[in-house]
Amino acid sequence: MLDLSFYKEKKVFVTGHTGFKGSWLCKMLVNAGAGVVGYSLYPPTEPSLFDIADIASDIHSVIGDIRDYKALKSAFDEAQPEIVLHLAAQPIVRDSYRNPAYTYETNVMGTVNILECVRNSSCVKSFLNVTTDKVYLNKEWNWGYRENEELDGYDPYSNSKSCSELVTHSYKNSFFADGCVAISTARAGNVIGGGDFAHDRIIPDCIRAAQKKEDIIVRNPYSTRPYQHVLEPLYAYLMIAAEQYENSEVSGWYNVGPDDVDCFQTGALVDLFVSKWGDGLKWINRYDGGPHEANFLKLDCSKLKAIFGWKPHWNLDIAIEKVVEWNKCWMSGGDVRACMDKQIEEFLAK
């Protein structure tokens, strides 16, 4: 398993750094001693983890649109990164139904633009595109999808990320086949953690209800998803990017998800949250039909485990404890930066 001291004094370019995952990733990198340049739109939520944890004070933050190649290339060329971690995306399924064109522009052409920056540079040694478990043609079978399964996401979000995968495959084959730049993608499942304020996600919905002392509304309690703490995939991303930096032969396409025991129905996940939060919190079933979303999806992570010796650090019970810990710290006016540092240290020690 990777020692994050690898990143000390490495120059890392992170797209999507103002988002939930991007903010945690920047904190991990800065704690490891990396020099980080982030490129992203303003934080997508209010409040936002990026602002609450003052991530901008730790890195060089560039506010820009991934669709704007000229602005992106200017920031990229100034940064001269050795490692590029591409997280920028429109990540919400229901938003992709409302605005499919923007979703495709961001998730597909955004990937083209960052890969063009890499192609036209001589500084990058390692590139990782973060996609999603939803890239697969979902047949709702009971076993996990493997990296060689067909890619064909159903909704505009999932499909645009399938396209982002294919764009990355094409660039790898067409321009980086000699291994001069190691190119990989990572397909992660649903993540939870402190500081996620997105709409239309179950744990942020739980937090908002707890704040208001209201019942949690669950719109689809029977959908089964692989849930993991946000530090799990972020650690895997850093591991892949570091290992392929040293050996481009390990570059490729990787699933990043929890073990089968942490594939929970949404209702069961909320039960666990309620038990950890206390204060008489409860939830009610308000299934609303809504646009199509898969009811069952999980990943086979055997490849990641076999090649890198990776394994999950925290099970879902611990992950929910950490979510509750962070949110109660924030809601009571505590030091959320210290809480993040503590959780990162605990995770790495595990």
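Residues numbered from 1 in each chain as written. Predicted model: local features only at pLDDT ≥ 70, side-chain atom pairs only at ≥ 80, totals over all residues. Heavy atoms only, no water.

Participant: When you look at the sheet that holds strand β6 (residues 182-188) in this model, what are you seeing that I'm missing?
Facilitator: The strands that make up a sheet are held in pairs by hydrogen bonds between backbone atoms, and each pair lies either parallel or antiparallel. An order of β3-β2-β1-β4-β5-β6-β10 is seen for the seven strands of this open sheet, with the pairing classed as parallel. The open sheet terminates on both sides in strands that have one partner only, identified here as β3 (60-63) and β10 (253-256). Adjacent strand axes in the sheet meet at a mean angle of 20° when their direction is disregarded. By the bridge criterion, five bridges tie strand β5 (residues 126-130) to β6 in an arrangement that is parallel. Its bridge partner lying in β6, Asn 129 is registered against Thr 185. Along the sheet, helix α3 (residues 69-79) contacts β1 (11-15), β2 (35-40), β3 and β4 (83-86); its crossing angle with β1, the most-contacted strand, is approximately 160°. Each of β5, β6 and β10 touches helix α6 (residues 156-175); the most contacted strand, β6, lies at about 160° to it. (Pairing = 2+ DSSP bridges. Helix = DSSP H or I, 4+ residues; strand = E, 2+ residues; numbered from the N terminus. Axes fitted to C-alpha atoms, helices over the stretch in contact; angles between N-to-C directions. Contact = heavy atoms within 4.5 Å.)

Participant: How should I be thinking about the environment of Leu 234 in this particular structure?
Facilitator: Tracing the sequence through the fold places Leu 234 in helix α8 (residues 231-246). If sequence neighbours within four positions are ignored, Leu 234 has contacts with Lys 21, Trp 24, Leu 25 and Met 28.

Participant: Quick question: what am I supposed to make of the pairing of β4 here?
Facilitator: Working note: regular strand, side chains alternate between the two faces of the sheet. Where burial is concerned, the two faces of β4 agree: the one with Ile 83 and Leu 85 and the one with Val 84 and His 86 are both buried. By the bridge criterion, four bridges tie β1 to β4 in an arrangement that is parallel. The residue bridging Thr 15 from the neighbouring strand is His 86, located in β4. Two strands pair when backbone bridges link them, and β4 and β5 are joined in this way by four bridges, in the parallel orientation. Counterpart to His 86 in the pairing with β5 is Asn 129. (Buried < 20%, exposed > 50% of the residue type's maximum accessible area, 1.4 Å probe, protein only.)

Participant: Would you mind showing me how to read the environment of Lys 73 here?
Facilitator: Secondary-structure assignment places Lys 73 in helix α3. Lys 73 gets classed as partly exposed once you look at its relative accessible area, which sits at 23%. When the C-alpha positions of Lys 73 and Asn 315 are compared, they lie 40 Å apart, and in sequence the two are 242 residues distant. Every residue in contact with Lys 73, bar those within four places of it in the chain, is listed here: Cys 117 and Asn 120.

Participant: Where do I start with the packing of helix α7 (residues 202-212) against helix α11 (residues 316-331) in this structure?
Facilitator: The description of two helices packed together rests on the angle between their axes and the distance between the axes. Across the interface, α7 lies against α11 with an axial gap of 12 Å and an inter-helix angle of 40°. The orientation of α7 with respect to α11, classified from their angle, is oblique. For the crossing formed where α7 meets α11, the hand is right-handed. Within the contact between the two elements, α7 uses Ile 203, Ile 207 and Gln 211 and α11 uses Ile 320, Val 323, Asn 327, Trp 330 and Met 331. The class makeup of the residues in the contact of α7 with α11 is six nonpolar, two polar and no charged. (Parallel < 35°, antiparallel > 145°, perpendicular 65-115°, else oblique. Left-handed = near helix turned anticlockwise from the far one by under 90°. Nonpolar A, V, L, I, M, F, W, Y, C, P; charged D, E, K, R; others polar.)

Participant: Would you mind showing me how to read the packing of α11 against helix α12 (residues 336-349) here?
Facilitator: For the pair α11 and α12, interaxial distance at closest approach is 9 Å and the crossing angle is 165°. Judged by the inter-axis angle, α11 sits roughly antiparallel to α12. Two packed elements cross with a definite hand, and for α11 against α12 that hand is right-handed. Contact residues: α11 offers Lys 322, Glu 325, Trp 326, Cys 329 and Trp 330, while α12 offers Val 336, Cys 339, Met 340, Lys 342, Gln 343 and Glu 346. Class assignment of the residues belonging to the contact of α11 with α12 gives a composition of six nonpolar, one polar and four charged.

Participant: Would you explain the side chain of Asn 129 in this entry?
Facilitator: If you trace the backbone, Asn 129 turns up in strand β5. A polar atom in the side chain of Asn 129 sits 2.9 Å from the side chain of Thr 168. Apart from the residues lying within four places of it in its own chain, the contact partners of Asn 129 are His 86, Thr 111, Ser 164, Glu 165, Thr 168, Ser 184, Thr 185 and Ala 186. (Polar contact = N/O pair within 3.5 Å; in protein donor to acceptor, adjacent residues only side chain to side chain.)

Participant: How do you make sense of the pattern of salt bridges when you look at a structure like this?
Facilitator: Any two side chains of opposite charge can pair, so long as their charged atoms come close to each other. Following the criterion strictly, the structure yields 21 salt bridges and no others. Note that Arg 67 and Asp 65 form a salt bridge whose closest N and O atoms lie 2.8 Å from each other. Judged by relative accessible area, Arg 67 falls into the partly exposed class, the value being 35%. Ionic pairing is found between Glu 105 and Arg 67, a salt bridge with its closest N-O pair at 2.8 Å. Here Glu 105, found in helix α5 (residues 100-119), pairs with Arg 67, found in the loop between β3 and α3; they are 38 residues apart in sequence, far enough to count as distant. On the basis of relative accessibility, which here comes to 36%, the residue Glu 105 falls in the partly exposed class. Bridged by salt links that share partners, the residues Lys 322, Glu 325, Lys 342 and Glu 346 form one connected network. (Salt bridge = Lys/Arg side-chain N within 4 Å of Asp/Glu carboxyl O.)

Participant: Which parts of the structure should I look at to understand the environment of Arg 146?
Facilitator: Within the secondary structure, Arg 146 sits in the loop between β5 and α6. For Arg 146, a relative accessible area of 45% corresponds to the partly exposed category. For the pair Arg 146 and Ser 61, spaced 85 residues apart in sequence, the C-alpha separation works out to 36 Å. Once residues lying within four places of it in the same chain are set aside, the contact partners of Arg 146 are Tyr 136, Asn 255 and Asp 300.

Participant: Quick question: what am I supposed to make of the packing of aromatic side chains here?
Facilitator: Aromatic ring pairs: the centre-centre distance and the angle between the two ring planes describe each pair. Under the definition given, this model contains 14 aromatic pairs. Centre to centre, the rings of Tyr 136 and Tyr 145 are 5.4 Å apart; their planes meet at 15°, and the pair counts as stacked. Of the two residues, Tyr 136 and Tyr 145, both sit in the buried class. An aromatic cluster is present here, built from Tyr 136, Trp 141, Trp 143 and Tyr 145 joined pairwise through their rings. The positively charged end of Lys 322 is found above the aromatic ring belonging to Trp 314, 5.3 Å away from the centroid. (Phe/Tyr/Trp six-rings, centres within 6.5 Å; stacked < 30°, edge-to-face > 60°. Lys NZ or Arg CZ within 6 Å of the ring centre and 35° of its normal.)

Shape descriptors only; they carry no functional weight alone.
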